[in-house]
Amino acid sequence: MNRYLYDGTADGLLSAISWILEEEQEPEQVVLAEREDTLFEEGIFLNTDVARSEALFSRFRKQLPDVAQTLYFFMLAESNGMATNLLHYMALALQHGDRLNGYLTHPAVKAIVHLSRKASRELHRMKGLLRFEQLCDGAYLAQMSPDHNILHPLSHHFRHRLKAEHWFIVDRKRHTAAHWHQGSLEFGTIEQFNVPALSEQEQKVQTMWRTFFATIAIQERKNPALQRSNMPMKYWKYLTEKQ
């Protein structure tokens, strides 16, 4: 059984898989892992080739759109130790096509599809749970700490929903941010983040929203378990109505 190593990046992972799919006769028998640079580490290191990585994803997107979507959300999940599963999943996809996601009895397929769906669900959930707050300069700020790296797709969603506004989305967990202003969307990293002051109008609106949230509920119909299921407590930190 051959063992290969890659540099730990997304491009390194996909380019390594591309090389293995082309060169190995039985890729499902191959092990792929992130290089750890230990003294007795075994395996053949495959250099990162960005062009090869992009070509592989483009091929899947054109020929196997459902598999490509699963692959995209899996990459957002940022899961460690799943390289071999992804390799086997993609090798099986070339054999079975877009029907592959239904073959959940296969351990590699089950693992990849499960993680992909978790990232997809979180992206969908954050489209409704993200809270924008108006700052003193008129711009809007939204903060989050998601389990998965969903800043890019979430920002592209809001560039259409809030096209006329000036806003920032900050991922506090990964120290990254998105900035939308006058038709331009930019991404960057933040070394240190201090929450800026809110506008007076925003503070008044938040007070009214909390009052509304507290009084609109029917006490006899409260269902905390259902609420936590639809709005998990890990997201409450940045929800105005939960402050």
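This report concerns the structure included in the present document. Within each chain, residue numbers correspond to sequence positions counted from 1 in written order. Totals for whole chains, interfaces and linings use all residues, but because this is a predicted model, local features are given only for residues with pLDDT of at least 70 and pairs of side-chain atoms are given and counted only at 80 or more. The side-chain values count all of the structure's non-hydrogen atoms but skip hydrogen atoms and water molecules.

### Structural notes on the pairing of strand 6 (residues 167–171)
Across the 5 residues of strand 6, 4 count as buried, placing the element largely inside the fold. When DSSP finds two or more bridges between a pair of strands, those strands are recorded as paired. A run of H or I in DSSP counts as a helix once it spans at least four residues, and a run of E counts as a strand once it spans at least two, with each numbered from the N terminus. Relative to strand 6, strand 5 (residues 140–144) runs parallel, the two being bridged by 5 bridges. Each bridged residue has a counterpart across the sheet, and for Ala-142 the counterpart in strand 6 is Ile-169. Regarding the hand of the β-α-β motif, the stretch spanning strand 5, helix 6 (residues 151–161) and strand 6 is right-handed. Pairing analysis gives 5 bridges linking strand 6 to strand 7 (residues 176–181), with the strands arranged antiparallel. In the strand pairing of strand 7, Phe-168 is matched with His-179. Between the end of strand 6 and the start of strand 7, which pair antiparallel, lie 4 residues, with His-175 showing a positive phi angle near 60 degrees. Here's how the labels work: a residue is buried when its accessible area is under 20% of the maximum for its type, exposed when over 50%, partly exposed in between, all with a 1.4 Å probe on protein chains only. When the strands point away from the viewer, a crossover counts as right-handed if the route from the first strand across the helix to the second turns clockwise.

### Quick look at the pattern of salt bridges
One speaks of a salt bridge when a side-chain nitrogen belonging to Lys or Arg is within 4 Å of a carboxyl oxygen belonging to Asp or Glu. Following the criterion strictly, the structure yields 6 salt bridges and no others. A salt bridge links Glu-22 to Arg-52; its shortest N-O distance comes to 3.2 Å. Note that Glu-22 is positioned in helix 1 (residues 10–23) and Arg-52 in helix 2 (residues 50–63), a separation of 30 residues in sequence. With its nearest N and O atoms 3.3 Å apart, the salt bridge here joins Arg-35 to Asp-37. With relative accessibility at 33%, the residue Arg-35 sits in the partly exposed group. Since its relative accessible area comes to 59%, Asp-37 is described here as exposed. Overlapping salt bridges, with partners in common, bring together Glu-78, Asp-171 and Arg-174 in one network.

### Overview of a negative patch on the surface
Taken together, Asp-7, Asp-11, Glu-34, Glu-36 and Glu-54 make up a surface patch of like negative charges. Structurally, Asp-7 is set in the loop between strand 1 (3–6) and helix 1. According to the relative accessible area criterion, Asp-7 is partly exposed, its value standing at 31%. The residues that make up patches have over 30% relative accessible area and no salt bridge, and they are joined within 9 Å when like-charged or within 5 Å when they are Val, Leu, Ile, Met, Phe, Trp or Tyr. Accessibility throughout is a Shrake-Rupley quantity obtained with a 1.4 Å probe, and a residue counts as covered only by protein chains that appear here. The sign given to each residue is positive for Lys and Arg and negative for Asp and Glu; His and the chain ends receive no count. Here the site of a charge means NZ on Lys, CZ on Arg, CG on Asp, or CD on Glu.

### Here's the deal with the packing of aromatic side chains
Between rings of Phe, Tyr and Trp, where Trp is taken as its six-membered ring, a pair exists when centres lie within 6.5 Å; planes separated by under 30 degrees are stacked, by over 60 edge-to-face, and by other angles tilted. Applying the stated criterion to the full structure yields 7 aromatic pairs. Seen from their ring centres, Trp-167 and Trp-180 are 6.3 Å apart, and the 20 degrees between their planes marks the pair as stacked. Here Trp-167, found in strand 6, pairs with Trp-180, found in strand 7; they are 13 residues apart in sequence, far enough to count as distant. Here Trp-167 matches Trp-180 in class, with each residue buried. Plain terms: the ring middles of Trp-209 and Phe-213 are 6.4 Å apart, the flat faces sit at 50 degrees to each other, and that makes the pair tilted. Placement of the pair is Trp-209 and Phe-213 together in helix 7 (residues 200–216), with a separation of 4 residues, close to one helical turn.

### Some thoughts on the packing of helix 2 against helix 3 (residues 65–77)
Note on method: axes are straight lines fitted to C-alpha atoms, helices fitted across the in-contact stretch only, with angles between N-to-C directions ranging 0 to 180 degrees. Two numbers describe how helix 2 lies on helix 3: the axes approach to 5 Å, and their chain directions differ by 135 degrees. Judged by the angle between their axes, helix 2 and helix 3 are oblique. In contact with Phe-57, Phe-60, Arg-61, Lys-62 and Gln-63 of helix 2, helix 3 contributes Pro-65, Val-67, Ala-68, Leu-71 and Tyr-72. Considered class by class, the residues forming the contact of helix 2 with helix 3 number 7 nonpolar, 1 polar and 2 charged. Each angle gets one of four labels, with under 35 degrees taken as roughly parallel, over 145 as roughly antiparallel, 65 to 115 as roughly perpendicular, and the rest as oblique. It only takes one pair of heavy atoms within 4.5 Å for two residues to be counted as in contact. Under this grouping Gly is polar, as are all residues other than the nonpolar Ala, Val, Leu, Ile, Met, Phe, Trp, Tyr, Cys and Pro and the charged Asp, Glu, Lys and Arg.

### Re the side chain of Thr-240
If you trace the backbone, Thr-240 turns up in the segment after helix 8 (224–230). With a relative accessible area of 8%, Thr-240 lands in the buried category. Ignoring any residue separated from it by four or fewer positions in sequence, one finds Thr-240 in contact with Arg-131, Glu-133, Gln-206, Trp-209 and Arg-210.

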